[in-house]
Structures are given as structure tokens and as C-alpha cells.
Amino acid sequence: MTNAAIHIQDLKKTYDGGYEALKGVGFNVAEGEFFGLLGPNGAGKTTLISILSGLCRKTSGTVRILGADIDTDRRSASMNLGVVPQEIVCDPFLTVRQTLEYQSGYYGLTDNKAWIEELVERLGLSDKIDAMTRGLSGGMRRRVLIAQALVHKPPVIILDEPTAGVDVELRRQLWDFIGGLHRQGHTIILTTHYLEEAQALCSRVGVMHRGRLLALDHTDRLLSRFEHNTMAFRLPNGVLPEALAPYVLHQQGHQYTLRLTETGDLETLLTVLRTSGLTPENLTVKRASLEDAFVQLVGDKA
Ligand SMILES: Nc1ncnc2c1ncn2[C@@H]1O[C@H](COP(=O)(O)OP(=O)(O)O)[C@@H](O)[C@H]1O
Ligand SMILES: [Mg+2]
């Protein structure tokens, strides 16, 4: 049996103070997969990743990285994994080269010069290699973080919101770079707020919310569940006919939002309203965006 790149089972984390950030999360990521971990702020993504990287201690559960259990084989687990953290944390008084040399030392790699230079080159940092990180722009520092995560050539790479607050140009470069790593055989796990990004890059996604995994599926299949239009209107003087109940996405007072999945749905709905003697006000029909879909998935379980 081959090992999963990441194996997580019934992972729980309660922070000091009692907050349950992970309430029993489990999933596997196969070797070579490009996996997206999605979820709103506070879902528990960074907590999960911090447990994998050893920054944060789990309360219970099992985590294995390419077969190495983080409890019994932390060292191999760390060697197998590179994490690009969400927060930009660099020692401001080190140069880029020193940062990467110290990081190599942490993994016991004493002669890592050639790889460091290659990494720096590939990340477009060559002319900054002897600059102190405090003088670098946010985008440049993010590249240093990526280089840092890759100094020990880990087969499994996790990037925690690498493109949050990043300009379009850098975002495209990061996509290219990460895509290149994936083509070279690395397993990639990416967390992102941008659903378009997950759709473009990830073959499978998990959606987390409030410490649980709400959905886990192939990206296309997950998104196709939400490819629909919505019709919104007010019914100030009536109640929605029973026949339309299955279409309801949201209702707030007299304001209704219905889901249109098939081409004929709009006509059907309007006919039912008309024959019930109801006149919808402020009627709008629009295509659900991926954002809407996500809000809906998360909102259903709120
Ligand atoms: N060190 C901590 N102590 C207490 N609560 C924390 C700590 N770190 C994160 N949390 C809480 O855990 C929840 C999950 O946070 P986080 O893992 O950062 O989510 P995400 O990365 O999905 O936004 C949040 O409600 C957050 O406030
Ligand atoms: Mg986070």
C-alpha cells in the first residue's frame, strides 16, 4: 500500500481558554495531488496547517505526512513537509541568503548553497539575495517565505493563503511557480479565499467551516452543485405556494431567493405564482457566482 501524502484522522484542537478550533477533521491527500483547503476566516485552516508543521500541538487525532506520524516520527514528518505560512514572519536583520542558510541548518543541511541559489533564481530574488529582509516589499518577503519552505526539497508543500493581498502580477507568478512544483511531482495543498483560484488549480477541494469539514469532492463536481441562477423577489401580500418550497434558497420576511437549475424553471415558477394570484415585486434573476455558491454551502450549515 502506498502512503497518502497527508493522512488526517479525527483531528481535534481546543486552544487554551477552551475554544474548539478543530472538532474532528479527517481527510487524505494522495501523492501528487493538488488539493485546495477552503473555508471562511476562522474555519480552522491555519490551525490545521500549524499542527502539521509542528507549530501548534493537537489535542487529539492522527496525522501522518508520507507515512511519518507527527507524534512518533516528527523529524521525518518535518523533512517530508514544507509550509509557507499565512503570516509573513522573517527575521528583519538577516539577508535573504542568511535566512535560507539558517533554515537549511535547521534541517541539518550544511551544504545547500547550490539549491539555495537555484531557488532564489526561480523565485526572482537573485538581485535581493544579499539584501536584509526588512528592506523588501511584502511581495518579495512572500517569495522569501516560499524559498524558506522549500530549502529541504520537501515532497509535500502546503501554502497557507499565498495570494491573499497580493497584486495580480505576483499572483500570476505564484500560480506559475506552484504549478511548476506540481508538475515536478510535488504534492500541493493550498488554502485560499479565492474560489476562482481553487477552481483553476486544484483537482480536489475540501471546505472547512467552524472546525469541521463540510464538503470534500473533486472541484468540478463540487462547483457543478452550485452552477445555477437565482431569482429574487418580494411577496408583500402573500405566502409562497407550497409547490415552490423545494426551490427556496433563502427567505427573509417577504423576501425570497429561489434557485433555478433548469432552463424551464423560470417559466414554471412565474406560472405557479401567477396562477396563485401572487405578484412578485422587484424581481431579479442572476447567475450565482462562485462566491455565492460558497456562502450558500457555508451558510446552510451556519
Ligand atoms: N492561539 C490561539 N488561541 C485561541 N484561539 C485561536 C488561536 N489561534 C486561532 N484561534 C481561533 O481558532 C479559530 C480558527 O482560526 P484559524 O485556524 O486561524 O482559521 P482560518 O485559518 O481558517 O481563518 C478562530 O476562531 C481563531 O480565533
Ligand atoms: Mg488562516
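Bear in mind that the values here come from a model prediction, so they are computed numbers and not experimental data.

Thresholds applied
Residues numbered from 1 in each chain as written. Chains lettered and ligands numbered in written order. Predicted model: local features only at pLDDT ≥ 70, side-chain atom pairs only at ≥ 80, totals over all residues. Heavy atoms only, no water. Salt bridge = Lys/Arg side-chain N within 4 Å of Asp/Glu carboxyl O. Helix = DSSP H or I, 4+ residues; strand = E, 2+ residues; numbered from the N terminus. Buried < 20%, exposed > 50% of the residue type's maximum accessible area, 1.4 Å probe, protein only. Donors = N, O, S within 2.8 Å, 3.2 Å for Na, K, Ca; no water. Near = heavy atom within 4 Å. Polar contact = N/O pair within 3.5 Å; in protein donor to acceptor, adjacent residues only side chain to side chain. Areas by Shrake-Rupley, 256 points an atom, 1.4 Å probe, with all protein chains shown as cover. Nonpolar A, V, L, I, M, F, W, Y, C, P; charged D, E, K, R; others polar.

The next subject is the pattern of salt bridges. Applying the stated criterion across every chain yields a total of six salt bridges. Residue Asp71 is joined to Lys58 by a salt bridge in which the shortest nitrogen-to-oxygen separation is 2.8 Å. With a gap of 13 residues between them, Asp71 in the loop between β5 (68–69) and α2 (74–80) and Lys58 in the loop between α1 (45–53) and β4 (60–65) connect regions that are remote in the sequence. The class for Asp71 is exposed, based on a relative accessible area of 52%.

A word on the coordination of the magnesium ion (ligand 2). Protein coordination at the magnesium ion (ligand 2) comes from Thr46 (OG1) and Gln86 (OE1), with a distance range of 2.0 to 2.2 Å. Linking Thr46 in helix α1 with Gln86 in the loop between β6 (81–84) and α3 (96–106), this pair joins segments that are 40 residues apart in sequence. Taking the relative accessible area as the measure of exposure, Thr46 reaches 30% and is therefore partly exposed.

The next subject is the site of ligand 1. Tyr15, Tyr19, Ala21, Pro40, Asn41, Gly42, Ala43, Gly44, Lys45, Thr46 and Thr47 make up every residue found near ligand 1. In the model, an oxygen atom of ligand 1 is placed 2.9 Å from a nitrogen or oxygen of the Gly44 main chain. Interatomic distance of 2.5 Å between a side-chain N/O atom of Thr47 and an oxygen atom of ligand 1. In the complex, the protein chains occlude 62% of the 560 Å² of accessible area that ligand 1 would expose alone. The residue inventory of the shell around ligand 1, partitioned by class, reads five nonpolar, five polar and one charged.

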